[in-house]
Amino acid sequence: MRAIAISDSANFYVSAERIFDPSLNGVPVIVLSNNDGCAVARSDEAKALGIKMGEPLHLLRDKIATHGVKVFSSNYTLYGDISRRVVEVYEDYTPNVEIYSIDECFLDFSGFQDRVAHAKHMRRDVLRRIGIPVRVGIAQTKTLAKCANDIAKKNPIFEGVLDMTDPALADWLLPRVPVGDIWGIGRRTTRKLEGIGISTAAQLRDMPLRQARALGTVVLERTVLELQGEPCIAFDDVEPPRKGMAVTRSAGAPMTDFDTLFQAITAHATRAAEKLRQHGLVAGTLTVFFHTNRHRPDRPQYAGSRSTRLTPMSSDTFELVAAAKQCAIAAWPKNCTQNYAFTKAGVMLDELLPQDDQPRTLFDEPRKSPTLMAALDAVNARFGKKTMVLASEGTARTWQLRANHRSPRYTTRISDLPVVR
């Protein structure tokens, strides 16, 4: 029988912070979004205080002071490396691992006789080797596995592992799962389903397929089949080809002049070009956008966006930055006396193709840049990111994200290692 597991890390960002600071155990902890804006991760203790996901930091000041809540800026370098290490442990327990997000992976558990014992041993090993607590849900399909994982999170009687491949156990549990908790069922679909009397996962599982397709297209029909134990979402061993990518950041300080804005856009275009080369891709279209703070209607508002075709298709940093500058100039407000303060900018790339598959034209000239780009990537790989950058990115970088509460990047920077005296 095919068995798919999904393992997710408990309050992952908070758990990663606790690895290097055991004094945080049992203490309310929150991790903030980009620019220290709002809470995007909360410990169980913070949740018990009523701190909600996405709640802005400025609304939490009193609660933080009263209850001693520990506050951290997002430390994506640390979290990414911890996630990589967790995946390495998973790979010791199954030949097939599919990374779903930074804190979730699908695992192929087919062929194991005692799947619960195998999963519990894996949990202990992740906690011992990495220090991250994980929970595991097992079932015949990805949708059922996600459902089992959610149940294992909320019910301590399962001790972090739930194998729902037993039809009798599924029949007992699914009537207790709200339909809105099912993977892929959004708020709008939930309202439609509840409107026809379907409020639990069991009722959705028993829904006629023709009715499911009429109500929610083939997507809902696929979810119903998955709840019935028929796999419709493949276990992919290879990452599907990408159709587009984006690099976008909020600014640490408002950008009020074109030069500062273009420094940020240069940095985003540079990072996008690096990502293209890492995946062996080239892009055919580039879009630049920037806008003011939409949550401050009392201030002048402006949003600019322009796109351009890249001919020939490219992953060259210089070519992408040059194209981004043309777009930024075209989108910049003209003949305006308003003092705009731009708080976010980004670069998007579309029409991505493998480099060897890009279309050629009769007039294509030999490209000299691949050698230069390889040298640029090699320098930054050896000596650290941003060791070598384009001059148009600037040196002050006042637009960079705020991260006033960021912990050290213990696992990736020697300078951040703790010193033992």
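All values reported here derive from a predicted model rather than from experimental measurement. (Residues numbered from 1 in each chain as written. Predicted model: local features only at pLDDT ≥ 70, side-chain atom pairs only at ≥ 80, totals over all residues. Heavy atoms only, no water.)

Here we look at the environment of P312
Filter applied, for reference: For helices the rule is a DSSP run of H or I covering at least 4 residues; for strands it is a run of E covering at least 2, with both sets numbered from the N terminus onward. Burial here depends on accessible area, computed with a 1.4 Å probe over protein chains only, as a share of the maximum for the residue type. Under 20% is buried, over 50% is exposed, and the range in between is partly exposed.
Among the structural elements, P312 can be located in strand β11 (residues 303–314). Among the residues examined, P312 registers a relative accessible area of 30% and is labelled partly exposed.

Points about the confidence of the model for the protein
Detail in the predicted coordinates should be disregarded across regions flagged by low pLDDT. The condition that has to hold: Think of pLDDT as the predictor's per-residue confidence, scored from 0 to 100. The contact criterion used throughout is that any non-hydrogen atoms of two residues lie within 4.5 Å.
Taken residue by residue, the protein gives an average pLDDT of 87. The fraction at 70 or more is 93%. In this model, residues 237–241 is a region of pLDDT below 50 whose contacts with residues beyond four sequence positions or in other chains number two contacts.

Side note on the pairing of strand β6 (residues 104–108)
Quick reminder of the rule: A pair of strands is considered paired only if DSSP assigns at least 2 bridges between the two.
In terms of burial, β6 is a largely internal element, five of the five residues being buried. Going residue by residue along β6, you find E104, F106 and D108 tucked away on one face and C105 and L107 tucked away on the opposite face as well. In terms of strand pairing, strand β1 (residues 4–9) meets β6 through five bridges, oriented antiparallel. By the bridge assignment for β6, D8 is matched with E104.

Points about the sheet that holds β1
The test is simple: Only the stretch in contact is used when fitting a helix axis, every axis being a line fitted to C-alpha atoms; angles between N-to-C directions are given from 0 to 180 degrees.
Taken in spatial order, the five strands line up as β5-β6-β1-β7-β8 in an open sheet, and their pairing is mixed. Both outer strands of the open sheet, β5 (97–101) and β8 (161–163), are each paired with one neighbouring strand and no more. Across the sheet, the axes of successive neighbouring strands diverge by a mean angle of 15 degrees, strand direction being ignored. With six bridges joining them, β1 and strand β7 (residues 134–139) adopt antiparallel strand pairing.

Here we look at helix α10 (residues 209–227)
Worth spelling out the cut-off: In this scheme, a helix's expected span is set at 1.5 Å multiplied by one less than its residue total. Bend at a given residue is defined as the angle between two axes, one fitted to the seven residues that end at that position and one fitted to the seven that begin there.
When the terminal C-alpha atoms of α10 are compared, their 12 Å separation across 19 residues is substantially less than the 27 Å that a helix rising 1.5 Å per residue should span. Along its length, α10 reaches its greatest deviation from straightness, about 135 degrees, at G216. Looking at α10, one finds that the buried residues are A212, G216, L220, E221, T223, V224, L225, E226 and L227. Along its buried surface, α10 packs onto α6 (142–154), α8 (187–195) and α9 (201–205). Of the residues trailing α10, G229 is marked for its positive phi of about 95 degrees.

Notes on helix α1 (residues 12–19)
Buried residues dominate α1, accounting for seven of its eight residues. Along α1, the residues that are buried comprise F12, Y13, V14, S15, A16, E17 and R18. Its buried side turned inward, α1 meets β1, β2 (29–32), β3 (39–42), α2 (44–48), β4 (70–72) and α4 (76–90).

Digging into unusual backbone geometry
Cis geometry marks the peptide bond from T311 to P312; its omega dihedral reads 0 degrees. Despite not being glycine, T217 has its phi angle at roughly 60 degrees, a positive value. Mapped onto the elements of the fold, T217 is located in helix α10.

Examining the packing of aromatic side chains
The cut-off we apply is this: Between the rings of Phe, Tyr and Trp (Trp by its six-membered ring), a pair exists once the centres lie within 6.5 Å; its type follows the angle of the planes, with under 30 degrees stacked, over 60 edge-to-face, and the other angles tilted. Our definition puts a charge over a ring when NZ of Lys or CZ of Arg is within 6 Å of the ring centre and also within 35 degrees of the ring normal.
Enumeration over the complete set of coordinates arrives at 19 aromatic pairs. Ring centres of Y302 and F342 lie 6.1 Å apart, and the angle between their planes is 80 degrees; on these two criteria the pair is classed as edge-to-face. Of this pair, Y302 sits in the loop between β10 (281–292) and β11 while F342 sits in strand β12 (residues 342–350), and the two are 40 residues apart along the sequence. Classification of Y302 by relative accessible area gives partly exposed; the value is 24%. Among the residues examined, F342 registers a relative accessible area of 1% and is labelled buried. Taken together, the ring pairs connect F258, F262, F290, Y302, W332, Y340 and F342 into an aromatic cluster. The cationic tip of K142 hangs over the ring face of F106; the distance from NZ or CZ to the ring centre is 4.6 Å. Taking NZ or CZ as reference, R176 lies 4.1 Å from the ring centre of W172, over its face.

Digging into the sheet that holds β4
Pairing is mixed across the open sheet formed by three strands, whose spatial order is β3-β2-β4. Only two strands of the sheet have a single neighbouring strand rather than two, namely β3 and β4. With strand direction ignored, the average angle separating the axes of adjacent strands in the sheet is 25 degrees. With three bridges joining them, β2 and β3 adopt antiparallel strand pairing. Across the sheet, I30 pairs through a bridge with R42, a residue of β3.

Observations regarding the environment of K63
Worth spelling out the cut-off: The term polar contact refers here to a pair of N or O atoms within 3.5 Å; inside protein, the definition further demands a hydrogen-donor-capable atom paired with an acceptor-capable atom, and it admits residues adjacent in sequence only when both atoms are side-chain atoms.
Note that K63 resides in helix α3 (residues 61–67). What makes K63 partly exposed here is its relative accessible area of 26%. Between the C-alpha atoms of K63 and L49, which are 14 residues apart in sequence, the distance is 8.2 Å. When near neighbours in sequence (up to four residues on either side) are disregarded, K63 contacts L49, G50, I51, G68 and V69. Of the polar contacts made by the side chain of K63, one reaches the backbone oxygen of L49; its length is 3.2 Å.

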